[in-house]
Every structure is written in structure tokens, then in C-alpha cells.
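# Observations on chain architecture
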2 protein chains.
Amino acid sequence: MTATIGYLGPKGTFTKLAVDKTFNGEAKHSFSTIPACIDAVNKDEIDIGVVPLENAIEGTVQLTVDYLVHQVRLPIVAEIVVPIQQHLLVHPNFKGELSDIKEIHSHSHAIAQCHQYIHQYLPNATIHFTSSTGKAAELISKRDEPVAVIGNQLAANIYHLNTLQNNIHDFPNNHTRFIVLSKQKEMVKIKHPIQSEKTTLLITLPSDFAGALHQVLSAFAWRKMNLSKIESRPMKTGLGNYFFIIDVNQPYDDVLFPGVKGELEALGCQVTVLGTYPVYQLDKL
Amino acid sequence: MTATIGYLGPKGTFTKLAVDKTFNGEAKHSFSTIPACIDAVNKDEIDIGVVPLENAIEGTVQLTVDYLVHQVRLPIVAEIVVPIQQHLLVHPNFKGELSDIKEIHSHSHAIAQCHQYIHQYLPNATIHFTSSTGKAAELISKRDEPVAVIGNQLAANIYHLNTLQNNIHDFPNNHTRFIVLSKQKEMVKIKHPIQSEKTTLLITLPSDFAGALHQVLSAFAWRKMNLSKIESRPMKTGLGNYFFIIDVNQPYDDVLFPGVKGELEALGCQVTVLGTYPVYQLDKL
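In this text, all values refer to a predicted model and were calculated from it rather than measured experimentally.

### Comments concerning the environment of C37 of chain B
Residues and elements named next belong to chain B. In this structure, C37 sits in helix α2 (residues 34-42). Taking relative accessible area as the criterion, C37 reaches 0% and is therefore assigned buried. Spatially, the C-alpha atom of C37 lies 11 Å from that of S182, the residues being 145 residues apart in sequence. Look past the residues within four positions of C37 in its chain and what remains in contact with it is G6, Y7, F31, I46, G49, V50 and V51.

Put into C-alpha cells, the structure is as follows:
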């Protein structure tokens, strides 16, 4: 049976790029929002969902975490890390110079990621915002004029645009993280080598008292369990309550993790395993 | 002298709403991206900048933190907390029912924040994405048809739209946090009562070893200094290095904070005070 994969679209986005690079042969469906994609997995309309978790162009990251925590609990079965690479794309008939460009079209986040570049090389171009980088590419593909779009390689391929300048993003080591959600782990077949394994925990504190987080971290520290991410988020039930998302740099096991869980629950915390999963790092797109 | 305030625009956004509710009499300038607004403060083109820090509709949150940490160090002089309230707005001539609505227009994040509502009450309306909620409101104001926009009260006021349904956002206790940046603290005059005082620290670890963060938190815990937020972010210099943004629930002082700083620096950390500032909570917009 062919697995069906849902992703945050439209086509030409970084999420689609990540999905195309990691999955082959599956049926792919575009969703217009993160909750819609997560819901579809939850209702078994699709087998696998891919949504941005960190540093995304399209989609708010907090929304993914909040929706997974408050609305729908689905296991994270993989993580895909993709370098952010933005290019300056133009209509194939454009033969001019950089200084001829009169307009730049893109999603506001992509424009912001290339802020220094635009300031230095295209200070006189007017900026036009679109609802996605893919939309901007589609627009430019129909305009044989000295206008440019900021987008990725996939957008260039889909809309047959030429690359006037490669890698115009300001930060060279910027990545977007995507998570793969599925009830059926065995359906997720990614052929890339596994870079590392991680476990993501959701921990809620009984109250926000001084040292609570310190106590929580003690349980990991004395076991020499390394953390690669910690983030506090307010509970939606009101101000003053927090939950923490913690990434531990090792797969779930039957000794250390149950030990941590037991100690934290004795302190009044709630501990939920959101997933233990492989990480795939895509070096180049 | 009248202070000049820059904010992430366009008009009709939550940032503009927050600025209008907290500042009076200052000259206000809209910026199209977060880095452009921060740069303008840094170059003294404006006195005060207001940008989203958490859970924003427009603007990526990580970008604000990364830009402040890596590009431009400006003091945070205030925080503004605004409840997220999304309304279903229609053309003033619309006299129909909810079920008559054929199209919904808004920014993708606003659509996502009202996902459950749309699913339940407007399942057959087609969704159209715009680059901002303000843009969507402008669009609908020119169309005397059964179409709706998801936006805030300011967008309704600016574009003379009627509110078909109030507060259609899925999470009742959702807030956006904005930070106020300025080199001249005395120019920032907010007339609302101060809700609390906070200090935000940037801490970089010498390496990501097990227990490093635990050691860092020890310095706060034994002094009973309460933290309201902690977030780790990868350094842009490469994978495997981290910095932490920590919010401490008290103003900077001459005893406790220098003590923390000294201890952490002895452990090889770098500690930077990003700001010590009042928090203003706007209850209703």
C-alpha cells in the first residue's frame, strides 16, 4: 500500500522541498495550514504529516507545538533538518544586471532573511509581499520584466525561473526543522542516513516556583543525558503556568527515561513522550 | 521633542494595535520587516522600535531574537503583552447569515488560529491567503459580496467593516508579546500601569556538555530568582553551539545579578543583559 503524505503547502515551499528530498513514491497532498495537516493525520485521512517546527518561512512554529500539545497528540516519528537557502530568481527572458531589478516579490519572512543583501545590492528595488514564496515565483513567471523573486531551488524549477544570484540569505548556518507525524511508524521510509536519534518530552510543572526547572534538569544532568533544546511555553489555560519542550540527544530506553519520568512525577510534574525518532539532515537542496 | 516610533506594519496589524494602545502623540512609522525596523533604531533614524517577540501573526519570532543577538544589540526597554482576538469581519452592506459566507480571506497564521471555528461553522467557505490581515481587510472593504476576513478590531475600524462574529480564535488565553527597543529609555512613555518587571539575559555556553544548562540554572535557583521563560537557540556560527534567552521575573539589581554573572563567567559562559524593563499587559483591545 502506498503511504499518503500531507505537508504544509503550497508547492514551491521549503516544506515541499523537504518532503520531496526525503520521500519517494508516496502520494503527496498539500494542506493550507498546519492544524489542517495535523488533523488529517489524526483522522486517518493521510498516513504521514510533515510540518515545520522551527525557523520556518511559512507557518508559525509556536502553532505546531501548541496544536500538538493542546489539541492532537500524535507521535513524532522523524525530524528533517534543511538548510535555508534563498536565491534571487528572475524570468528566463531577463538578461539584465542586478542593478536593473525594479521590484522584489516574496513572503515577508524570506524578505527578512535576505535583509542585509537587499540593503546592500538592491537598495532601490521596491518590496512586494506575497502569501508564500511559491506564490511570488508563480507571479514572476508570468511577467517578462526586470522584477525578481526571493525563493528556493524548487520554486525556480517549478516555475522555470533563472537564478540571478545564489544563496542571498544573510545567515549562512540557518536551518529549518520539520517534524514527521504518524500513527504508523513503519510507513515512514526515509532513505537518507540517520544523523542522530532524539527523544522529545513534554513536561508540565505543578507551578512556576523558583528552582522548579532546575530540579527538572537535575534528573537529566546527573544521568549525563544531553539536551539539545529546551523551550518554555505558557499553558493556554491562563497566565502563570508553563510547559517545557525538551529534546534529549538519545533514543528512548527502558532504564534512564523511566527513571527521569518517575523522579519528575514524584515532584508533581507531568511527563509525556512526544516521540523518540531519527534525525535526517539534508546538506544541500 | 516628539519621539518617533517604528513598528512592523502594515496598518491594521496586531503590532500597530499594540502601538496605538500604548503610545500617544508620537510620530509613527510602519516598517515592512523586523530587521528594517531594528536597523532604523540602531541608525538613530527613529527613537523607538516595536517588534513582535512571541506568538505573532506577522513576523517570525526567531528572527527578532536572532537579529538582536547576532546583528544589532539594542536594549529592550519595555514589553507589551496583547491578547490575540480574531473576529470575522464583513462588508458593511452584508446582511446575510454565517452560512452565506463563500470565501474567507486572511494571513495564513490568522486562518490557522481560527482553524476549529472555520471547521465547525464555515466548512464550505474557500480559504484565500493574503500577506497580512490588514491586506485582507482592505480587499474585503472593496467587495460588496458574501465574503469575510479574519482580522482584529483595528482592521475593522480602519476599513469600516462590520463584525459578524466576535472572538473566533480557538485558544482563549493566547497572547502576543512585543518588545520595545530604544537607546533612550527616557523617551519611552507608556501610560498604562506596570504589571511586572523583568530582566532578559543572553547566555552562551562554552560547549554543549551534559549538565551545562543545569549548572547555569543553579546560579538562579539557589538565589530563588524566578524564571518565566527559557529558550535555547542554535548559534548561527554552526551546529552544536547554543545560546539561551532567559527571562528573570525581577528588575536588575546590584547584588543578585552581578553574582549570577560572575559565577557563570567563571564557568566559561558569556552573559549579556538584553534589558531590564517593565511589562505592560493590555487586557482588551
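Read on, since the account is not over.
### Things to note about the environment of I118 of chain A
Residues and elements named next belong to chain A. On the secondary structure map, I118 appears in helix α5 (residues 115-121). Residues I118 and M1 lie 117 residues apart in sequence; the distance between their C-alpha atoms is 47 Å. Dropping the residues within four chain positions of it, I118 is found in contact with I104, I111, P123, I127 and I150.

### What about the UniProt feature "site: Essential for prephenate dehydratase activity" (unreviewed entry) in chain A?
Residues and elements named next belong to chain A. According to UniProt, the positions carrying the feature "site: Essential for prephenate dehydratase activity" (unreviewed entry) are T176. Tracing the backbone through its elements, the reader meets T176 in strand β10 (residues 175-182). Judged by its relative accessible area of 2%, T176 is buried.

### Considerations on the pattern of salt bridges
Pairing of side chains with opposite charge becomes possible as their charged atoms draw close. Residue and element names in this part refer to chain A. Following the criterion strictly, the structure yields 30 salt bridges over all chains and no others. In this structure, the salt-bridge partner of D20 is K28, at a minimum N-O distance of 3.0 Å. The partly exposed category is assigned to D20, whose relative accessible area is 27%. Look at K28 and you get partly exposed, because its relative accessible area is 29%. Among the charged side chains, a salt-bridge network with shared partners connects E54, E79, R177, K198, K229, E231 and D247.

### Section: the interface of chain A and chain B
Contact residues are listed per partner, giving 57 residues for chain A and 57 residues for chain B. Interface area, chain A with chain B, both sides summed: about 4800 Å², of which 58% is carbon and sulfur. Taken together, chain A and chain B are joined by zero salt bridges. The interface formed by chain A and chain B includes 13 residue pairs in polar contact (both at pLDDT 80 or more). Within the residue set of the side of chain A that touches chain B, elements represented by two or more residues are α2 (34-42), α3 (61-70), α4 (108-113), α5, β7 (126-130), α8 (212-221), β12 (227-234) and β13 (242-248) of chain A. With seven residues, β12 of chain A is the largest single contributor of residues to the side of chain A that touches chain B. Split by residue class, the side of chain A that touches chain B holds 20 nonpolar, 27 polar and ten charged.

### Things to note about the sheet that holds strand β9 (residues 162-165) of chain A
All names here are of chain A. Spatial ordering of the open sheet is given by β7-β6-β8-β5-β9, a layout of five strands whose pairing is mixed. This sheet does not close on itself; its edge strands, each paired only once, are β7 and β9. Averaged over all pairs of adjacent strands, the angle between their axes in this sheet comes to 35 degrees, without regard to strand direction. Inspection of the sheet shows strand β6 (residues 103-107) paired to β7 by five bridges, in the parallel sense. Its bridge partner lying in β7, H105 is registered against H128.

### Points about the domain arrangement of chain A
Often, the extent of an interface is quoted as the loss of accessible area upon association of its parts. Residue and element names in this part refer to chain A. The assigned domain composition of chain A is domain 1 (4-83 + 174-187), domain 2 (87-165) and domain 3 (196-277). Centre-to-centre, using C-alpha coordinates, domain 1 lies 23 Å away from domain 3. Each side of the interface is counted separately: domain 1 has 15 residues, and domain 3 has 15 residues. Regarding the contact of domain 1 and domain 3, the summed buried area is about 1200 Å², with carbon and sulfur atoms giving 56% of it. Counting the contacts that link domain 1 with domain 3 gives three salt bridges. Residue K229 is joined to E54 by a salt bridge in which the shortest nitrogen-to-oxygen separation is 2.7 Å. Applying the counting criterion to the domain 1 and domain 3 interface returns five residue pairs in polar contact (both at pLDDT 80 or more).

### Thoughts on the packing of α8 of chain A against helix α9 (residues 256-266) of chain A
All names here are of chain A. It is the contact of α8 with α9, at a shortest axis distance of 9 Å, that shows an interaxial angle of 160 degrees. In terms of orientation, α8 lies roughly antiparallel with respect to α9. As for the relative orientation of α8 and α9, their crossing is right-handed in sense. For the pair formed by α8 and α9, the contact residues are V216, A219 and F220 on the first element and V260, E263 and L264 on the second.

### Considering the relation of the copies chain A and chain B
The two copies are related by a screw motion: chain A maps onto chain B through a turn of 180 degrees and a shift of 0.0 Å along the axis, at an RMSD of 0.0 Å. Such a turn and shift between the copies fits a two-fold axis. A share of 100% of the interface residues of chain A reappears at the interface of chain B, consistent with the copies meeting face to face through the same patch.

### Concerning the sheet that holds strand β9 (residues 162-165) of chain B
All names here are of chain B. With respect to topology, five strands assemble into an open sheet ordered β7-β6-β8-β5-β9, the strand pairing being mixed. Looking along the sheet, the strands with just one partner apiece sit at the ends: β7 (126-130) and β9. For this sheet, the mean inter-axis angle between neighbouring strands, taken without regard to orientation, is 35 degrees. Here helix α6 (residues 133-141) sits on the sheet and contacts β5 (87-90), β6 (103-107), β7 and β8 (147-151); the angle it forms with β8, its principal contact strand, is near 155 degrees.

Criteria and thresholds
- Residues numbered from 1 in each chain as written.
- Chains lettered and ligands numbered in written order.
- Predicted model: local features only at pLDDT ≥ 70, side-chain atom pairs only at ≥ 80, totals over all residues.
- Heavy atoms only, no water.
- Helix = DSSP H or I, 4+ residues; strand = E, 2+ residues; numbered from the N terminus.
- Buried < 20%, exposed > 50% of the residue type's maximum accessible area, 1.4 Å probe, protein only.
- Contact = heavy atoms within 4.5 Å.
- UniProt positions renumbered as here; feature names shortened; annotations may be inferred.
- Salt bridge = Lys/Arg side-chain N within 4 Å of Asp/Glu carboxyl O.
- Buried area = accessible area lost by both parts, 1.4 Å probe.
- Polar contact = N/O pair within 3.5 Å; in protein donor to acceptor, adjacent residues only side chain to side chain.
- Nonpolar A, V, L, I, M, F, W, Y, C, P; charged D, E, K, R; others polar.
- Pairing = 2+ DSSP bridges.
- Axes fitted to C-alpha atoms, helices over the stretch in contact; angles between N-to-C directions.
- Domains from an automatic or database assignment.
- Parallel < 35°, antiparallel > 145°, perpendicular 65-115°, else oblique.
- Left-handed = near helix turned anticlockwise from the far one by under 90°.
- Least-squares fit on C-alpha atoms with pLDDT ≥ 70 in both.

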